[in-house]
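Working through the structure, step by step
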Amino acid sequence: MKKPEELLAANETRSVNPKVFTMWLFIVSIVMLFAAFTSAYLVRKAEGNWVEFELPNLFYYSTVVLLGSSASMHFAYLAAKKDQFNALRLSISITFVLGLIFLIMQFYGWIQLVDENVFFVGNPSGSFVYVLSGLHGLHLISGLIVLLVALVAAFRLKINAKALTQIKICTTYWHFLDALWVYLFLFLVFNN
Amino acid sequence: MSTATTHAEEVHAHAHDHEHEHHEPNFIQKYIFSEDHKTIAKQYLIMGILWAFVGGSLSIIFRLQLGFPEMQLEWLRPILGEWIDESGKLDKEFYLALVTMHGTIMVFFVLTAGLSGTFSNFLIPLQIGARDMASGFINMLSFWFFFLSSAVMFSSLFLETGPASGGWVIYPPLSALPQAMPGSGLGMTLWLTSMALFIVSSLMGGINYICTIINLRTRGMTFTKMPLTIWSFFFTAILGLLSFPVLLSAALLLIFDRSFGTSFYLSEIYIQGQALPNMGGSPILYQHLFWFLGHPEVYIVLLPALGMTSEIIATNARKPIFGYRAMIGSMMGITLLAFIVWAHHMFVTGMNPFLGSVFMFLTLIIAVPSAVKAFNYITTLWKGNLIFTPAMLFSIGLVSLFISGGVTGIILGNSALDINLHDTYFVVAHFHLVMGSASFFGLMAGVYHWFPKMFGRMMNKTLGYIHFWATFVGVYCVFFPMHYTGIAGFPRRYYSFTALGNGRMEAFTDLNAFISIAAILTFSAQAIFFFNFFYSIFKGKKASQNPWNSTTLEWTTPVEVGHGNWPGEIPAVYRWPYDYSKPGAESDFIPQNVPYSATPESNLPEENEEIANEKAIESLLAAQNESYNR
Ligand code: HEM
Ligand SMILES: [Cu+2]
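Here the structure is a predicted model, which means the values were calculated and not measured.

**Thoughts on the overall build of chain B**
Summing up its helical and strand segments, chain B has 21 helices and two strands in all. Within the span of chain B, comprising 630 residues, buried residues form 61% of the whole. Sequence separation of 24 or more characterises 78% of the internal contacts of chain B that already satisfy a separation of 6 or more. In the form shown here, chain B has an accessible surface area of approximately 23,600 Å², with 68% of it arising from carbon and sulfur atoms.

Shown next, in the form of structure tokens:
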């Protein structure tokens, strides 16, 4: 006969945290959304009549900023695990500020595009860049909201080594948004 | 059941401390903004039924035009107003609006929300042994997004320029240019808004279904002990999760084209001699994106019906389902294949013939899992002790429709044949049999079967039989002749045919009239159901706890299921859900929560070995209760 714990592990009828799992499923749906856009991009590009242009160089820098924010997010998680509340609040705040800076840089990236005469309305090659970066930006705003909620929770000491679910969800989402941008950016760099 | 009642006392406390406080929910919390999966399911069902009558009436109006092109429709003016023109005929633009709204309503609002929304919500927690969905709040939001989406779509019916009219697939450029037709104006904007809300609703629902099935099964309910219903809801939710976001992106790009002037789908176009500024778009791109959802969507509509009827057929044939694992495997196969066959809707878009044959090959492979399912149904029925409840009749009806509609799918799947048949009534016949009618029959089977669990009362059987036979004969009379008109070349979505082919089409006037009369009769027969349903909610015969002698967990709950589903402990599960007519057993069914140790007379050798695990399964109880208090 198996020991109950083993059976629980073997059965897994309820071993994953439903909230974290819901987060993952939500991420899957976002992945499909962007997978559709990038496949549409490829299909459309294959048809020709495709105007080429330089991606704004600000996008390179903003990518670095976003990667930095992921690092600080990771520190926030580590801090929560060790009950270091000040470090936790500080790291979340830094992540938030870096996220904001990223958004502002993206916006200036758009201005660079306009200076290059690449507009939202025009050849789809340009429109796609706006759509991809814009929708990613929208999702990033939702990520900032999640961060704010986590920050409030951190101040109320609701996040600690025994209650990690919230920070786990927050961290996962933020890393995902980061990875999503890196994917979109590399995609644009190689397919432009 | 014995385990459930012995602990009843102590558990009562348990059931309660997970409901935050002791207060009773007030009317609004109980019936309107309810987080209880059973209430949400009923909300979906009632919305679905109402939508079905709206969608059905629209089809009757356009069938009048098709069957009786000369008919005076002046008498419809009180309802349709200006949509009846001066000569007393149906407005031509409005005809297009009617087919569009009929398709949209039936596919999304009735057979997706009304079917999946109702039964996934209702049955998942009850059959896997959970107190509720993983997130009651998201579940409630999901319904209210659907409600909003419905309200927007419904209001578009009353626009002066009419609702969206470009077909349920809303292909650009027709849908992208407001000046292309009246329905492409505000009507299309509302269509897109409504569908965006609908997608959000479906995603929230689907995420919840998947999460619940994976995380909240009761102790002992391993994946291979889940009823096929749950498996089908699971695959349906996966299909939705992966394909609805793609529709959202297609719709977003369309919105940008319509409202901001981008050129994703629009290229060099002249409207009334005026060149539009759009350059370099591709309308085919839209079709790819749309059908990447569109094909999985047809299975989103069908799979729940297949799952529920498997359950109903096994119960009422008093036989284990034939090929339980093969059923799961074929549903998995269908789910996977559903994502790689979308271009069979696009054979005539000028696609590379080589690519066409790849998609043809993939499409025809679907026939294999579909046939496995059909054979398994038939072998389950074979030599069973059939009990013909209305639910059983509708389930057998589904099997029949699934086969006769599926066969024409194989014809359409051949690109060489499809080039002739595409966009004719042959396609209309195909999908109305295999998707429309089959899923509708699944929906009806589900309602008749689970009505006692939903409302604690029985539906009237005799009315059920009349409803079944009228509907069964009816749908065949309506859709079967369409194969002939289709082969003869009648295109779909045409207002009238008299001018086609130098009057050759007039040879089919009688047949078209016949179809229309059959449609009107079949539609009228649904009034029997309507009456039976609402009457039985209040006045039906009181149901017993397990009226169909079924094995699954939902029938272990009390007749009037309360919040949290089981007043005592949630029962544990020890066996698969299809122990019907087991040799040696005392009764002809053994519920899932009866341990093998209680049935030594009927156990197979390998089942005797499982007795050793029973203690371990029961000992998971504490952990299970714990998880509800987190
Ligand atoms: C053996 C399996 C099947 C095959 C090979 C098949 C094949 C096809 C093909 C090739 C078409 C395109 C016809 C055309 O537009 O020219 C089509 C249309 C359609 N099929 Fe099937 N089908 C199968 C089963 C199903 C099932 C199970 C459903 C639904 C539950 C379904 C629903 C539809 C719908 C809704 C359309 C028409 C969509 C539209 O144009 O509005 N099919 N099918
Ligand atoms: Cu298809």
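**Considerations on the interface of chain B and chain A**
The partner chain A presents 34 residues to the 48 residues of chain B that form the contact. Interface area, chain B with chain A, both sides summed: about 3,400 Å², of which 72% is carbon and sulfur. If you look at where chain B meets chain A, you find zero salt bridges. Sorting elements by how many residues they give to the side of chain B that touches chain A places helix α9 (residues 228-260) of chain B first, with 10 residues. Its residues placed into classes, the side of chain B that touches chain A shows 29 nonpolar, 15 polar and four charged.

**Details of the coordination of the iron atom of ligand 1**
Within the protein, a single donor atom binds the iron atom of ligand 1, namely His430 of chain B (NE2) at 2.1 Å. In this model, the iron atom of ligand 1 sits 4.6 Å from the copper ion (ligand 2).

**Let's talk about the confidence of the model for chain B**
All names here are of chain B. Confidence in the prediction of chain B, expressed as mean pLDDT, is 91, and 95% of residues score 70 or more. Note that residues 1-22 has pLDDT below 50 and, in this model, 21 contacts with residues that lie over four places away or in other chains. Across the interfaces of the predicted complex, the ipTM metric reaches 0.90, alongside a pTM of 0.92.

**A look at the site of ligand 1**
Residue and element names in this part refer to chain B. Lining the immediate environment of ligand 1, one finds 21 residues, of which Trp168, Asp418, His422, His430 and Arg492 sit closest. For ligand 1, an oxygen atom lies 2.9 Å from a polar atom in the side chain of tryptophan 168. A distance of 2.6 Å separates an oxygen atom of ligand 1 from a polar atom in the side chain of histidine 422. Contributions of two or more residues to the shell around ligand 1 are made by α10 (283-317), α14 (390-413) and α16 (425-455). Counted by class, the shell around ligand 1 contains 11 nonpolar, eight polar and two charged residues.

**Observations regarding the coordination of the copper ion (ligand 2)**
Donor atoms from the polypeptide that coordinate the copper ion (ligand 2) comprise His295 of chain B (ND1), His344 of chain B (NE2) and His345 of chain B (NE2), at 1.9 to 2.1 Å from the metal. The sequence motif formed by the donor residues of the copper ion (ligand 2) is H-x48-H-H.

**What about the domain arrangement of chain B?**
Residues and elements named next belong to chain B. The domain architecture assigned to chain B consists of domain 1 (45-267 + 277-539) and domain 2 (559-629). Among the residues of domain 1 in contact with domain 2, Arg131, Arg219 and Arg318 are the three that bury the most area, contributing 40% of the side total. For aspartate 588, the salt bridge goes to arginine 318, with nearest N and O atoms at 2.8 Å. Summed over the shared surface of domain 1 and domain 2, the number is 17 residue pairs in polar contact (both at pLDDT 80 or more). Of the residues in the side of domain 1 that touches domain 2, the class split is 13 nonpolar, six polar and eight charged.

**Let's talk about the pattern of salt bridges**
All names here are of chain B. Applying the stated criterion across every chain, the model contains nine salt bridges over all chains. Its salt-bridge partner being arginine 77, residue glutamate 74 comes within 2.5 Å of it at the nearest N-O pair. For glutamate 74, a relative accessible area of 34% corresponds to the partly exposed category. Under the relative-accessibility criterion, arginine 77 is labelled partly exposed at 27%. One salt bridge in this structure joins aspartate 579 and lysine 582, with 3.6 Å as the shortest N-O distance. One salt-bridge network, in which partners are shared between bridges, spans Arg575, Asp579, Lys582 and Glu607.

**Looking at empty space enclosed by the protein**
Rolled over the atoms, a probe sized like a water molecule indicates the empty space that remains. Residues and elements named next belong to chain B. All chains considered together, the criterion is met by three cavities of 30 Å³ or more. Of the volumes computed, that of the largest cavity is approximately 210 Å³. Looking at the largest cavity, it is lined by 19 residues, and the ones nearest its centre are Thr112, Ser116, Ser202, Gly206 and Tyr209. Secondary structure elements with two or more residues in the lining of the largest cavity: α6 (92-128), α8 (186-215) and α9.

**Considerations on unusual backbone geometry**
All names here are of chain B. Cis geometry is found at the peptide bond from proline 172 to proline 173, where omega equals 5 degrees. Looking at the element boundaries, proline 173 is found in the loop between α7 (136-156) and α8. Of note, aspartate 423 is a non-glycine position whose phi angle comes to about 60 degrees, a positive value. Following the sequence through the fold, aspartate 423 ends up in the loop between α15 (415-421) and α16. One non-glycine residue, serine 581, lies in the positive phi region at around 45 degrees.

**A short note on the packing of aromatic side chains**
Residues and elements named next belong to chain B. Across all of its chains, the model carries 78 aromatic pairs over all chains by this definition. Ring geometry for tyrosine 44 against phenylalanine 146: centres 5.3 Å apart, planes inclined by 20 degrees, an arrangement best described as stacked. Of this pair, tyrosine 44 sits in helix α4 (residues 37-67) while phenylalanine 146 sits in helix α7; the two residues are 102 residues apart in sequence, bridging distant segments of the chain. We classify tyrosine 44 as buried; its relative accessible area is 3%. The ring of phenylalanine 223 carries the charged tip of arginine 217 above its face, separated from the ring centre by 4.0 Å.

**Describing the nonpolar core**
Nonpolar side chains in soluble globular proteins tend to end up buried together. All names here are of chain B. Counting 251 residues, the largest nonpolar core has Leu90, Phe119 and Phe533 as the members making the most contacts within it. The element contributing the most residues to this core is α6, with 21 residues. Three or more residues apiece are contributed to this core by two domains, here domain 1 (45-267 + 277-539) and domain 2 (559-629). Leaving out residues up to four positions away in the same chain, leucine 90 has contacts with Ile61, Gln65, Leu73, Leu80, Trp83, Ile84, Asp85, Tyr95, Leu98 and Tyr495.

**Section: the packing of helix α12 (residues 353-365) of chain B against helix α13 (residues 367-381) of chain B**
All names here are of chain B. It is at 4 Å that the axes of α12 and α13 come closest, and there the two elements cross at 15 degrees. Considering the angle they form, α12 stands roughly parallel to α13. When α12 is examined against α13, the residues Thr363, Leu364 and Ile365 are found in contact with a partner set consisting of Ala367, Val368 and Pro369. Of the residues that constitute the contact of α12 with α13, the class distribution is five nonpolar, one polar and no charged.

**Topic: the confidence of the model for chain A**
Counting all residues, the mean pLDDT for chain A is 89, and 92% of those residues have values of 70 or more. The low-confidence segment residues 1-12 of chain A (pLDDT under 50) makes 18 contacts with residues lying over four places distant or belonging to another chain.

Calculation criteria
- Residues numbered from 1 in each chain as written.
- Chains lettered and ligands numbered in written order.
- Predicted model: local features only at pLDDT ≥ 70, side-chain atom pairs only at ≥ 80, totals over all residues.
- Heavy atoms only, no water.
- Helix = DSSP H or I, 4+ residues; strand = E, 2+ residues; numbered from the N terminus.
- Buried < 20%, exposed > 50% of the residue type's maximum accessible area, 1.4 Å probe, protein only.
- Contact = heavy atoms within 4.5 Å.
- Areas by Shrake-Rupley, 256 points an atom, 1.4 Å probe, with all protein chains shown as cover.
- Buried area = accessible area lost by both parts, 1.4 Å probe.
- Salt bridge = Lys/Arg side-chain N within 4 Å of Asp/Glu carboxyl O.
- Nonpolar A, V, L, I, M, F, W, Y, C, P; charged D, E, K, R; others polar.
- Donors = N, O, S within 2.8 Å, 3.2 Å for Na, K, Ca; no water.
- pLDDT = per-residue confidence, 0-100.
- Near = heavy atom within 4 Å.
- Polar contact = N/O pair within 3.5 Å; in protein donor to acceptor, adjacent residues only side chain to side chain.
- Domains from an automatic or database assignment.
- 1 Å grid on protein atoms, 1.4 Å probe; cavity = no way out; pocket = protein on both sides within 12 Å on 5 of 7 lines; lining within 4 Å.
- Points joined across faces, edges and corners; volume = space filled by probe spheres on them.
- Phe/Tyr/Trp six-rings, centres within 6.5 Å; stacked < 30°, edge-to-face > 60°.
- Lys NZ or Arg CZ within 6 Å of the ring centre and 35° of its normal.
- Core = buried A, V, L, I, M, F, W, Y, C linked by side-chain atoms within 4.5 Å.
- Axes fitted to C-alpha atoms, helices over the stretch in contact; angles between N-to-C directions.
- Parallel < 35°, antiparallel > 145°, perpendicular 65-115°, else oblique.

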